[in-house]
Amino acid sequence: MKLNWSLLPRRRRPFKSKNKRPPARFLRTRLSFIYGFVFLAFVSLIIRLGYLQVVTGQKYRAEALTTTLQRIPVLPARGRIFDRNGNLLAYDNPNYSVFLTRMKHVHQNLNEMAKRLAPVFHTTAKKILATINQQKNYATIRLFRNANNQQLAYVSAHSGQLPGITLGMSSDRMYPYGDLAGHALGYVGPITAQTKKYYVNKMGYLSSQKVGESGIELQYDKLLQGKPGYEIMKVNNQGTSVQHLGMDPAPTPGKNLELTIDGRVQAMTQQAIMNVISHSTHKNTIKDAAAVMLNVKTGGVLALASYPYYDPNWYTVPGQLTKHLKYLDTSGAQQNNAIQNPNYPGSTVKPANLITGLEYGAITPSTAYTVPYKIYIGNAMKHDDMPHGFVNDVKAIAVSSDVFFYRVGLRLGKWFGSSPTNGGAPAGGISLQKWRNTDFAKGLVNLFYGEYRFGLGQLTHIDLPGEQPGRFYYMDAKKQYAAVPFPLQKAQQSLKKTHQFVNYSTPVSLALSAIGQEQQFTPIELAQYVATIANNGVKLQPHLLKSVLAPSLSTSLKNDPIVKNVKKKVQAKLNINPTYLHLAQQGMYGVCNVSYGGQSTAYGDFHNAPYKAAGKTGTADIYMNGVHLTNSVFIAYAPFKNPQIAVAVMVPGGGYGAQSAAMITRNMMDTYFKEHHEFFPKSQWLSSSVPTNWKTLSAYTQVESAK
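Just so it is clear, the structure is predicted and the values come from calculations on it, not from any experiment. (Residues numbered from 1 in each chain as written. Predicted model: local features only at pLDDT ≥ 70, side-chain atom pairs only at ≥ 80, totals over all residues. Heavy atoms only, no water.)

Along its length, the protein chain carries 23 helices and 28 strands. Each of the 707 residues in the protein chain was classed as buried or not, and the buried ones make up 52%. Nonlocal contacts in the protein chain, meaning residues at least 24 apart in sequence, comprise 73% of its contacts between residues at least 6 apart. Per element, the accessible surface of the protein chain, about 33,600 Å² overall, is 54% carbon and sulfur. (Helix = DSSP H or I, 4+ residues; strand = E, 2+ residues; numbered from the N terminus. Buried < 20%, exposed > 50% of the residue type's maximum accessible area, 1.4 Å probe, protein only. Contact = heavy atoms within 4.5 Å. Areas by Shrake-Rupley, 256 points an atom, 1.4 Å probe, with all protein chains shown as cover.)

Here's what the structure looks like:
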């Protein structure tokens, strides 16, 4: 029988690993290759080291002995400032500069150093010393800007002979539109000997950094300042060559700021002031003026102008300050009249005083009578600017009846009976002194506090340095009836505690206070006041900063991420009786839209406007250099039914309120609505850019030529 071998089970072959150890011969070959490669690498390194030591060693040893590495401070680019529409208002122009720092414990031979530097910088030692002497108050001053490589190398190589002389990459602050919004922007300057302790020792700034000295530049200096860096430079000891090796670390630019300012409205506001002054019959008496426009809904400042103007570039561009120094010293241009110069508001306070009179029952919503042309207050005769006839609450504001408001003030102080034939007397037959200490004091406190709550006579806390509060006055019989400061808070506290405030005033003070002749306010206070009326008693804090943007050297706002948006801040809700507030608003509407005749209204300025405005004129008696003049004041908001903007303008010496101030206000409002494409036909619409002809307008050219 044959076996079928195919049916028998097959023997499984043993498993063979894939990781079979290679033969020893193969390993020896691989190791030989590695050893050979390492040997060749070391041989190459030895040959290279030998070449460097034997062939070029002398060269590198000499270079090591004759060159040094310098760390030159690189100042950060200061943050850029834009208006609300993206117009660039301030930026930095970088350059290499040479600085001198005065050193207390190191001998500095300035004459010798000036002689060394003069030929290198193509100048004279005398001019260098003059630059140093002109800036004695500064701890660090810039001697030269835009230094070239050879000049940088020389200073680095001769640092031992030039104690206190340092190099730095700095920048010049540039304001491309000159005096446009100059008082709002402010300017920068070197750290002084007086401020060095704060900025250098406390804040950690480099002594060569520029810091804000006024305006937004000072207010937000911490945001605008970036972090310094250092540039590594290799310089030979002969000072003939320099090699830039890079930054370590690189400087960080400051944050950019977007303001609420509208560049076009600002430009046309400044030009409107110039136009009114140049064509005014009072042009020889007008020494200053100011105008403010606020956004009623946010408190954002759309325009803030202070005349006379100045150009911030004068403080940053060499030679410009000296050229314009006399103008700055004699014109008052360095003062921001919009926030620092309180003046008499005249009848612009009447809407607030009407509301106060209604609240205390001095008048009622139905008060109406034929107002006499004149009345006696004690022994003093006071009169209106013209006979106004039958007057009610609304018309009293519209025609600005002084006699009507004289009586409001007197009744608040319980002085009754003043008429064309009688001077009146205290209620109840009390003595004059007792009346002064009680009813008079209460009436004046109530009247002034009624204005104060709207923001008048107090700081608005606008984000600008140097704001000054307004002031209240009253007549003092012991000082020949001169106007002296009235301590509103002190008098209020005294009345609460003792029910009296001892004083020696007169009922005339009550009457004059009711028409704005015994108080002084700034234009920014008046702007906040009228914006609060327009906003139905909600008082917002005025502000210039709209948003903070991430550091960037971009010339456009579009690509800059927003770090922070500034929100509106409600300072108070006055909770005024709507009926009383409405009466005041209707009276202000009549000022601009109802023809009552006379010089007290602004009908002639606004009756043909395509929008409806509400306003109030103010004409206050003032004295300038001993000459009797009038302060032209105007406040307004528009449109009447849904207010967007509020304006306050003050032109001391400018005549009636319906003249200079009202004309400027109309121009400002027209510009705003044309830019926002409202009310005016398309053919009159304007863009949001700064006018292309700005530098040909007198608001720019006259300032730049001022000496």
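After that view, the rundown keeps rolling.
Our focus in this paragraph is the pattern of salt bridges. Any two side chains of opposite charge can pair, so long as their charged atoms come close to each other. Overall, the coordinates contain 11 salt bridges when judged by the stated rule. A salt bridge links Arg 78 to Asp 221, with the shortest nitrogen-to-oxygen separation between them at 2.8 Å. On the criterion of sequence distance, the pair formed by Arg 78 in the loop between β1 (67–74) and β2 (81–82) and Asp 221 in helix α9 (residues 221–224) is long-range, its members being 143 residues apart. Like Arg 78, the residue Asp 221 is buried in the burial classification. A salt bridge links Glu 258 to Lys 546, with the shortest nitrogen-to-oxygen separation between them at 3.5 Å. You can see Glu 258 sitting in strand β10 (residues 256–259) and its partner Lys 546 sitting in strand β23 (residues 545–549), a full 288 residues away along the chain. Residue Glu 258 is classed as buried on the basis of its relative accessible area, which comes to 10%. Salt bridges sharing partners connect three or more residues here, namely Arg 78, Asp 92, Arg 173, Glu 217 and Asp 221. (Salt bridge = Lys/Arg side-chain N within 4 Å of Asp/Glu carboxyl O.)

This part takes up the side chain of Ser 698. Summarising the element assignment, Ser 698 is placed in helix α23 (residues 698–704). At 2.9 Å, the side chain of Ser 698 and the side chain of Gln 271 are in polar contact. Setting aside chain neighbours within four positions, we find Ser 698 in contact with Gln 271, Met 274, Asn 275 and Val 703. (Polar contact = N/O pair within 3.5 Å; in protein donor to acceptor, adjacent residues only side chain to side chain.)

On to helix α4 (residues 125–134). Of the positions making up α4, those classed as buried are Ile 128, Leu 129 and Ile 132. Looking straight down α4, one finds its buried side chains confined to an arc of 95°; they lie on one side. Seen from the open side of α4, the exposed residues pointing more than 90 degrees away from its buried face are Lys 126, Lys 127 and Gln 134. (Arc of directions from axis to C-beta.)

Enumeration over the complete set of coordinates arrives at 28 aromatic pairs. Between Tyr 307 and Tyr 309 the ring centres are 5.5 Å apart and the planes differ by 85°, which places this aromatic pair in the edge-to-face class. With relative accessibility at 18%, the residue Tyr 307 sits in the buried group. Judged by its relative accessible area of 2%, Tyr 309 falls in the buried class. When the centroid spacing of 4.6 Å and the interplanar angle of 35° are considered together, the rings of Phe 448 and Phe 472 count as tilted. In this pair, Phe 448 sits in helix α16 (residues 432–452) while Phe 472 sits in strand β19 (residues 471–476), placing the two residues 24 residues apart along the sequence. The pair formed by Phe 448 and Phe 472 is uniform in burial state, with each residue classed as buried. An aromatic cluster is built from Phe 448, Phe 472, Tyr 474, Phe 486, Phe 501 and Phe 521, whose rings are joined through pairwise contacts. Of note, Lys 674 hangs over the ring of Phe 680, and the distance from its end group to the ring centre comes to 5.1 Å. (Phe/Tyr/Trp six-rings, centres within 6.5 Å; stacked < 30°, edge-to-face > 60°. Lys NZ or Arg CZ within 6 Å of the ring centre and 35° of its normal.)

Let us look at the nonpolar core. One recurring pattern in soluble globular proteins: nonpolar side chains tend to sit buried together. Residues Phe 404 and Phe 486 are the most contacted members of the largest nonpolar core, which totals 150 residues. With eight residues, the top contributor of residues to this core is helix α19 (residues 523–534). Contact partners of Phe 486, with chain neighbours within four places excluded, come to Leu 444, Val 445, Phe 448, Phe 472, Tyr 473, Tyr 474, Ala 491 and Phe 501. Formed by 23 residues, the second largest nonpolar core is a distinct cluster that contains Tyr 96, Phe 121, Val 155 and Ile 165. (Core = buried A, V, L, I, M, F, W, Y, C linked by side-chain atoms within 4.5 Å.)

Our focus in this paragraph is the sheet that holds strand β21 (residues 519–520). As summarised here, the arrangement of the three strands in space is β20-β19-β21, forming an open sheet in which the pairing is antiparallel. In the strand order of this sheet, the two ends are held by β20 (482–485) and β21, each with one partner. The pairing of β19 with β20 spans four bridges and is classified as antiparallel. Residue pairing for β20: Asp 476 is matched across the bridge by Ala 482. (Pairing = 2+ DSSP bridges.)

Before going further, it helps to spend a moment on the sheet that holds strand β28 (residues 645–652). One open sheet holds the five strands; their spatial order is β12-β11-β28-β27-β26, and the pairing between them is antiparallel. A strand with exactly one partner marks an edge of an open sheet, and here the two such strands are β12 (301–307) and β26 (614–624). Mean inter-strand twist for the sheet, computed between neighbouring axes without regard to direction, equals 10°. Taken together, the six bridges between strand β11 (residues 289–295) and β12 define a ladder with antiparallel strand orientation. Looking at the pairing, Ala 289 lines up with Tyr 307 of β12. Against the sheet, helix α10 (residues 263–279) touches β11 and β12, its axis set at about 35° to β12. (Axes fitted to C-alpha atoms, helices over the stretch in contact; angles between N-to-C directions.)

Residue Pro 308 follows Tyr 307 across a cis peptide bond; omega there is 5°. With an omega of -15°, the peptide bond running from Ala 638 to Pro 639 counts as cis. With respect to the helices and strands, the residue Pro 639 is situated in the loop between β27 (627–638) and β28. Here Ser 400, not a glycine, exhibits a phi torsion of approximately 60°, which is positive. Note on placement: Ser 400 falls in the loop between α14 (393–398) and α15 (402–412). At Lys 414, a position not held by glycine, the phi torsion is positive, near 55°.

Glancing now at the packing of helix α3 (residues 110–120) against α4. In the contact formed by α3 and α4, the axes pass within 8 Å of each other and the chain directions differ by 125°. It follows that α3 is oblique to α4 by the angle criterion. Crossing geometry of α3 relative to α4 is assigned as right-handed. Facing Leu 110, Asn 111, Ala 114, Lys 115, Leu 117 and Ala 118 of α3, the residues of α4 in contact are Ala 125, Ile 128, Leu 129 and Ile 132. Residues that form the contact of α3 with α4 fall into these classes: eight nonpolar, one polar and one charged. (Parallel < 35°, antiparallel > 145°, perpendicular 65-115°, else oblique. Left-handed = near helix turned anticlockwise from the far one by under 90°. Nonpolar A, V, L, I, M, F, W, Y, C, P; charged D, E, K, R; others polar.)

This next bit is on the confidence of the model for the protein chain. Per-chain confidence: the protein chain averages 88 in pLDDT, with 87% of residues scoring 70 or above. Low pLDDT (under 50) marks residues 1–19, which in the prediction has zero contacts with non-local residues, meaning those over four places away or in another chain. (pLDDT = per-residue confidence, 0-100.)

This part covers the side chain of Thr 316. Structurally, Thr 316 is set in the loop between β12 and α11 (320–331). Residue classification places Thr 316 among the buried residues on the basis of a relative accessible area of 6%. Within the local environment of Thr 316, its side chain forms a polar contact with the backbone oxygen of Arg 173, the two atoms lying 2.9 Å apart. Residue contacts for Thr 316: discarding those within four places in its chain leaves Arg 145, Asp 172, Arg 173, Tyr 175 and Val 188.

A few words now on α10. Over its 17 residues, α10 extends 24 Å from the first C-alpha to the last, a length consistent with the 24 Å expected when each residue adds 1.5 Å. The element α10 is largely enclosed, with a buried count of 13 among its 17 residues. For α10, the side-chain oxygen to backbone nitrogen distance between the N-cap and Arg 264 is 3.1 Å, and the N-cap itself is Asp 262. (Expected span 1.5 Å × (residues − 1).)

This brings us to the environment of Pro 372. Structurally, Pro 372 is set in the loop between β13 (368–371) and β14 (374–377). Pro 372 sits 16 residues away from His 388 along the chain, and the two C-alpha atoms are 7.8 Å apart. With near-sequence residues (within four places) excluded, Pro 372 lies in contact with Asp 384, Val 403, Arg 407 and Pro 420.

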